[in-house]
Amino acid sequence: MERYRKESNYYYNSLKKIKSRKEKELSGTTPLFFILLLIRKIKTEGGLIVLHKRLLALFLVIALVLTITLPAYAKDITAFGFDDNRQRRASGEGYLLKAGEGVKLEEFNTFWPIWETNNGDAYFVGKSYSQPLILSPDKFAGTGLDVSRPVVIIFAANRLYAFEVPGVDPTMPQEGRHWVVTDLLWGPIALPGGDFNQEPSASHPTYYQDSKGNKWIYVGTADGRLAIVDLKGQVVRTINLGGHRITSAPLVTEYMGQTIVIAGGGSDEKVYVVTNLGKQNPNVYSWQIGGAVTSSPAPLYDNAGKVIGFAIASDGGSGSVRLFEFSKILKRDANGWLVKAGNNAINFTSGMSGIPASFAVEGKSIYFSDKKGNFYKLTYQYSSNGITNAKITKLPASAEFSHPNTFINRSPALDSKYVYFPIVDYKGQGRGMVVAVDKVTGRRAKTTKLFQSRAVTAPVILEDANLLLVGTEDGWISMHQLDYSANSALMPQVGARQMAVREYKNLPRAYAEGLCSEISVANGWLAVGGTLSANLAKERGEVFLIKLYETAPDFIIDKIDPGTSKAEPGKTYRGVIYARRAPILPGKDESEWGTGIVPVNIESHKKVTLKGNFDAKDTKSVLQGLQAIETLVKLQPGESVQIPFEWTAPMDKDTAIIRAEINPLEEINYAFGETTTFRMYFERNYNNNAKMVTVPVELIDLIASKGSGKSQLKVGESGTYSVIVTSTSSTPITTDLVWRVNGKVVKSTQITVPAAGGKVTDSYTYTMPAENAGRTVTIEAEVNPNRNKPPKEKSFSNNKVSYAVEGEVIDLIAQQGEYNPALMVGESDYYSVVVKNAGDVPVTTDLVWRQNGKQIREISITIPAKGYKEDRIKFTMPHIKEGSTVKLEAEVNPYRNKPPKEKTFANNKATFPVECLGVDQRPQTGGGNPYLSK
């Protein structure tokens with residue numbers, strides 16, 4: 001972050017301002033830019049003790065700024081489910097994002113939690129299960145309040161707050177403006193029945209302007225009261241509804257010229273109708289429902305679209321739905337006040353489990369689910385006699401998702417084609433999902449994948465953006481593309497961002513942790529309640545505001561000119577990157593984004609060098625194996641810039657890659673080792689941010705050719721052998737060269753091969769040893785033997801030359817020496833062999849003697865050069881038949897390996913045939929027998 005982030009000198013109005021160290025370079029920074037700077041400041045300047053609690057949780061939690069570039073919404077959030085029909089459908093005019101444009105993960109980013117300040121200490125609003133209201137400034141006309149921006153009404157921990165959404169500090173210069181948070185518009189208003197540290201608020205506030213012009217907020221309290229508060233933040237009155245905690249949203253409407261309020265009674269299993277609000281003590285009437293009432297009442301309509309009654313459900317063992325018509329339960333008394341007329345209701349109880357979630361209404365069709373995963377559609381007709389032909393149909397999709405361990409207590413959303421049912425916990429797996437059911441067939445059309453935790457908010461439809469949002473228990477808003485044309489059975493997830501604190505992710509979670517309130521979208525803002533952890537005492541809840549921009553810049557990489565159509569390895573080239581900022585869209589205003597000081601990342605095989613007036617910093621590459629640098633450019637709408645750079649072609653690739661991206665994704669550490677990714681600017685189109693070019697690399701070729709060298713050497717003779725190395729490269733190449741003899745490296749050296757047209761010669765001198773006499777010796781030279789200088793060549797097959805060198809061929813000759821051709825039986829005599837060496841060097845070899853083919857002696861002998869060696873044996877004639885012959889034989893180099901080659905092996909053997917003369921029969925005289933000894 002420190003490589004180019006410039007610090008701002010503005011912060012929220014309620015917090016002290018921090019002076020900029022580089023104010024001059026500030027222009028063009030964004031809200032995200034500003035917030036990230038403060039994260040760094042907290043870490044590096046730990047003295048901001050007063051801000052610690054406020055800022056720590058602020059930046060621990062990555063809330064969202066949706067860069068789906070939406071316009072301001074014309075429709076306010078006035079009730080649970082957005083309005084009385086509770087369809088949770090937001091729509092507007094001219095969204096810049098359309099289906100298929102590819103919303104990405106990074107298009108969420110940080111914005112503000114809302115907190116309350118008390119005596120200089122900062123702590124978060126209490127935990128809330130309620131839906132925030134978002135009201136446009138015109139609603140506050142006549143209140144005396146100076147309201148120029150949308151207002152978020154929050155009901156948390158039994159207290160009401162009104163915050164005006166962040167605006168721009170008018171004292172800031174046009175360039176580099178930042179959003180800042182204003183103080184509370186009013187609040188907190190503590191309502192009866194609970195305080196900050198008690199149960200979360202569960203009722204949902206409802207805004208209603210009655211026929212008399214009263215602009216009031218109606219909400220149920222923890223002690224069973226209906227509280228009415230005006231837009232100035234004053235409590236108009238509280239009305240006791242029986243003392244049981246109210247967990248539903250009041251339905252406020254007109255009947256017979258009077259404002260009436262309908263609210264579920266919570267655990268007392270009643271529905272309440274409040275009439276005659278103009279009286280000092282309004283009338284409160286109740287009807288028994290037969291189960292706890294946690295869902296919110298839904299309006300029933302006549303054929304003209306006028307509200308003529310309400311539907312209410314109970315969360316009893318079997319569940320029930322009741323339809324009440326005002327004309328059947330209310331009447332005017334003699335004084336003109338509305339009073340109870342009866343208990344008539346249409347009651348449906350058969351086959352349903354409890355119904356804790358609320359309805360979604362479309363005309364005379366009402367959609368709802370029970371808590372075990374069954375989906376229903378209630379329809380009715382209206383005539384002069386009132387409601388007729390009311391019936392409930394279980395939708396066919398129920399068969400697929402109903403299960404005893406499935407749990408649903410969140411309400412469905414509607415669009416023009418589907419009903420979106422949230423499954424909080426699918427089959428007891430602790431993971432939720434959203435099911436889109438076709439309104440015509442009642443069958444499943446699409447689903448999300450199972451989330452990693454329970455789904456804890458109702459789904460929200462951003463209709464013109466074709467998106468579905470849903471919050472999960474582990475603190476994420478999951479964003480899904482509603483592409484009706486796709487054949488896939490899934491709604492693809494195209495974005496998700498965490499909003500709850502993750503340092504507690506390993507702790508057991510209580511019910512509705514993570515995102516605990518409902519999601520509201522209106523007037524260009526999204527609001528949702530989150531929670532930290534039940535273990536954090538007071539600091540349990542917070543409400544996040546998320547800006548939805550009407551427009552955003554569009555930064556573009558138009559072209560990368562690499563400066564060559566083909567490259568040589570290791571050679572440097574000059575290229576140009578062409579970047580620009582698109583013009584402002586007609587009728588749009590980008591002034592809130594200021595001057596675009598935006599990063600451009602350039603990556604290639606080696607770090608590029610920027611030319612001109614551009615600074616560079618190292619950064620992380622997108623493509624594996626490349627190296628990246630980053631520079632900053634300043635772009636007003638419609639401006640372009642050329643970034644000259646030098647790059648070097650890789651030595652080990654046949655294709656060079658150059659990639660450039662403007663406003664790239666970056667990664668930061670924000671707390672407790674957690675990381676997130678962000679872009680410095682939100683954009684209306686990310687698809688044109690990056691370009692990549694490939695340049696073919698003409699691989700070089702190192703070629704080894706024979707020089708000179710003898711093909712035959714005598715033993716002891718030396719010969720010099722040479723190799724000539726050339727290259728096809730246009731530049732010199734330094735590489736390795738090795739010489740081998742019979743595969744063994746005998747010389748290793750480094751050579752520099754000149755550019756094409758030149759050559760380098762190297763040589764090796766070899767002396768033929770005696771052991772190689774008569775053998776063929778292979779002398780080999782190889783250039784670039786390790787295949788790394790360079791790592792790639794056009795061919796490695798021509799990197800090697802070899803010489804076959806014959807050692808001198810000698811001849812060993814065996815000849816008879818002493819020899820007696822005949823012996824008497826028992827007579828002994830000596831026989832010798834003379835072995836001659838015709839060569840110029842001594843030879844050590846083997847000599848064997850055999851008798852009739854059987855070896856009787858083996859020795860090693862060395863025959864001098866041009867000399868001889870004699871060996872003899874003593875032989876005694878055995879007792880054999882007279883006239884028989886014994887064959888004695890002497891053979892030199894019998895195994896043909898010392899040496900392996902001779903001129904001929906035919907003369908290596910000498911033979912001695914010895915005849916037996918029989919037994920000597922002459923008498924002994926005592927003297928020596930001249931025939932028996934020698």
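These numbers come from a predicted model, not from an experiment. (Residues numbered from 1 in each chain as written. Predicted model: local features only at pLDDT ≥ 70, side-chain atom pairs only at ≥ 80, totals over all residues. Heavy atoms only, no water.)

Chemist: Could you give an account of the overall build of the protein chain, with specific residues and numbers?
Modeler: Scanning the protein chain from terminus to terminus reveals four helices and 65 strands. Summed over its atoms, the accessible surface of the protein chain is roughly 37,400 Å², and 47% of this surface lies on carbon and sulfur atoms. (Helix = DSSP H or I, 4+ residues; strand = E, 2+ residues; numbered from the N terminus. Areas by Shrake-Rupley, 256 points an atom, 1.4 Å probe, with all protein chains shown as cover.)

Chemist: Could you give an account of the packing of aromatic side chains, naming the residues involved and the relevant values?
Modeler: Inspection of the entire model under this criterion finds 20 aromatic pairs. In textbook terms, an aromatic cluster arises when at least three aromatic residues are bridged by ring pairs, as seen for Tyr255, Trp287, Phe310, Phe324 and Phe326. Taking the ring centre of tryptophan 337 as reference, the NZ or CZ of lysine 279 above it sits at 5.4 Å. (Phe/Tyr/Trp six-rings, centres within 6.5 Å; stacked < 30°, edge-to-face > 60°. Lys NZ or Arg CZ within 6 Å of the ring centre and 35° of its normal.)

Chemist: Give me the lowdown on the sheet that holds strand β49 (residues 690–696), citing residues and values where you can.
Modeler: The strand order across the open sheet formed by five strands is β43-β44-β41-β46-β49, and the pairing between neighbours is antiparallel. On the outer flanks of this sheet lie β43 (617–619) and β49, each paired with one strand and no other. Strand-to-strand, the axes of this sheet are offset by a mean angle of 30 degrees, without reference to chain direction. Strand direction decides the pairing type here: strand β41 (residues 596–604) and strand β44 (residues 627–635), joined by nine bridges, are antiparallel. Note on β44: the bridge partner recorded for isoleucine 597 is lysine 634. (Pairing = 2+ DSSP bridges. Axes fitted to C-alpha atoms, helices over the stretch in contact; angles between N-to-C directions.)

Chemist: Tell me about the pattern of salt bridges, and please be specific about residues and values.
Modeler: Under the counting rule described, the total for this entry stands at 31 salt bridges. For aspartate 315, the salt bridge is made with lysine 371, and the minimal N-O distance between the two is 3.3 Å. Taken as a pair, aspartate 315 in the loop between β19 (307–314) and β20 (320–325) and lysine 371 in the loop between β25 (365–369) and β26 (375–383) lie far apart in primary sequence, 56 residues in all. Here aspartate 315 falls in the partly exposed class, since its relative accessible area comes to 22%. The residue arginine 896 makes a salt bridge to glutamate 891 at a minimum N-O spacing of 3.0 Å. (Salt bridge = Lys/Arg side-chain N within 4 Å of Asp/Glu carboxyl O. Buried < 20%, exposed > 50% of the residue type's maximum accessible area, 1.4 Å probe, protein only.)

Chemist: Could you give an account of the confidence of the model for the protein chain, naming the residues involved and the relevant values?
Modeler: Of the residues in the protein chain, 78% reach a pLDDT of 70 or more, and the chain-wide mean stands at 80. Overall, residues 93–123 carries pLDDT values under 50, and its contacts beyond four positions in sequence, including any with other chains, amount to 122 contacts. Under a pLDDT of 50 for its full length, residues 533–539 has, in the predicted model, 15 contacts with residues more than four places off or in other chains. (pLDDT = per-residue confidence, 0-100. Contact = heavy atoms within 4.5 Å.)

Chemist: Please give an account of the environment of serine 91 that cites residues and values.
Modeler: Note that serine 91 resides in the loop between β1 (89–90) and β2 (112–118). Here serine 91 falls in the partly exposed class, since its relative accessible area comes to 31%. Along the backbone, serine 91 and leucine 462 are 371 residues apart, and their C-alpha atoms lie at a distance of 6.2 Å.

Chemist: Kindly report on unusual backbone geometry, identifying the contributing residues and their values.
Modeler: For the peptide bond that leads from lysine 789 to proline 790, omega is 0 degrees, which places it in the cis range. The residue proline 790 is located in the loop between β56 (776–783) and β57 (800–807) in this model. Between lysine 898 and proline 899 the backbone carries a cis peptide bond, its omega angle lying at 0 degrees. Examined against the element boundaries, proline 899 turns out to sit in the loop between β64 (885–892) and β65 (909–916).

Chemist: Please set out the sheet that holds strand β39 (residues 555–561) residue by residue, giving values where relevant.
Modeler: Adjacent strands of a sheet pair through backbone hydrogen bonds, lying either parallel or antiparallel. Spatial strand order, β39-β40-β45-β42: four strands in an open sheet with antiparallel pairing. Every other strand in the sheet has two partners, leaving β39 and β42 (609–610) as the edge strands with one partner each. The pairing of β42 with strand β45 (residues 640–648) spans two bridges and is classified as antiparallel. For leucine 610, the partnering residue across the bridge sits in β45 and is phenylalanine 645.

Chemist: Break down the environment of alanine 390 for me, citing the residues and quoting the values.
Modeler: With respect to the helices and strands, alanine 390 occurs in strand β27 (residues 386–394). With residues up to four places along the chain from it excluded, the contact list for alanine 390 reads Leu323, Ile346, Phe348, Thr379 and Tyr380.

Chemist: Give me the lowdown on the environment of leucine 191, citing residues and values where you can.
Modeler: Inspection of the secondary structure puts leucine 191 in the loop between β9 (184–190) and β10 (206–209). The buried category is assigned to leucine 191, whose relative accessible area is 4%. For leucine 191 and alanine 157, which are 34 residues apart along the polypeptide, the C-alpha to C-alpha distance reads 9.2 Å. Discounting residues that sit within four places of it in the chain, leucine 191 has contacts with Phe155, Asn158, Leu160, Val219, Thr221, Ala227, Val229 and Val235.

Chemist: I'd love a proper account of the pairing of strand β55 (residues 760–767), names of residues and values included.
Modeler: Of the two faces of β55, the one lined by Val760, Asp762, Tyr764 and Tyr766 is fully buried and the one lined by Thr761, Ser763, Thr765 and Thr767 carries no buried residue. Bridge analysis of strand β52 (residues 718–727) against β55 gives eight bridges, and the strand direction is antiparallel. What sits directly across from threonine 720, in β55, is threonine 765.

Chemist: I'd love a proper account of the nonpolar core, names of residues and values included.
Modeler: With 49 residues, the main nonpolar core has Ile153, Leu160 and Trp186 as its most contacted residues. Residue contributions to this core peak at six residues, all from strand β5 (residues 151–156). Not counting the four nearest positions on each side in its chain, leucine 160 is found in contact with Ile153, Ile154, Phe155, Trp186, Gly187, Pro188, Ile189, Leu191, Ile217, Val219 and Val229. Ile289, Leu300, Ile312 and Leu323 belong to the second-largest nonpolar core, a separate cluster that totals 38 residues. (Core = buried A, V, L, I, M, F, W, Y, C linked by side-chain atoms within 4.5 Å.)

Chemist: Tell me about the side chain of serine 478, residues and numbers included.
Modeler: Of note, serine 478 is situated in strand β34 (residues 476–481). Given the relative accessible area of 3%, serine 478 is considered buried. Among the polar contacts made by the side chain of serine 478, one reaches the side chain of histidine 480 at a distance of 2.7 Å. (Polar contact = N/O pair within 3.5 Å; in protein donor to acceptor, adjacent residues only side chain to side chain.)

Chemist: I'd like to hear about the pairing of strand β12 (residues 225–230), residue by residue, with values.
Modeler: Along β12, five of the six residues are buried, which leaves the element largely enclosed by surrounding structure. Bridge count between strand β11 (residues 215–220) and β12: five bridges; the pairing is antiparallel. When the sheet's bridge partners are listed, glycine 220 is paired in β12 with leucine 226. Between β11 and the antiparallel strand that follows it, β12, lie four residues; glycine 224 among them carries a positive phi value of about 80 degrees. As defined by bridge partners, β12 adjoins strand β13 (residues 235–240) across five bridges and the pair is classed as antiparallel.

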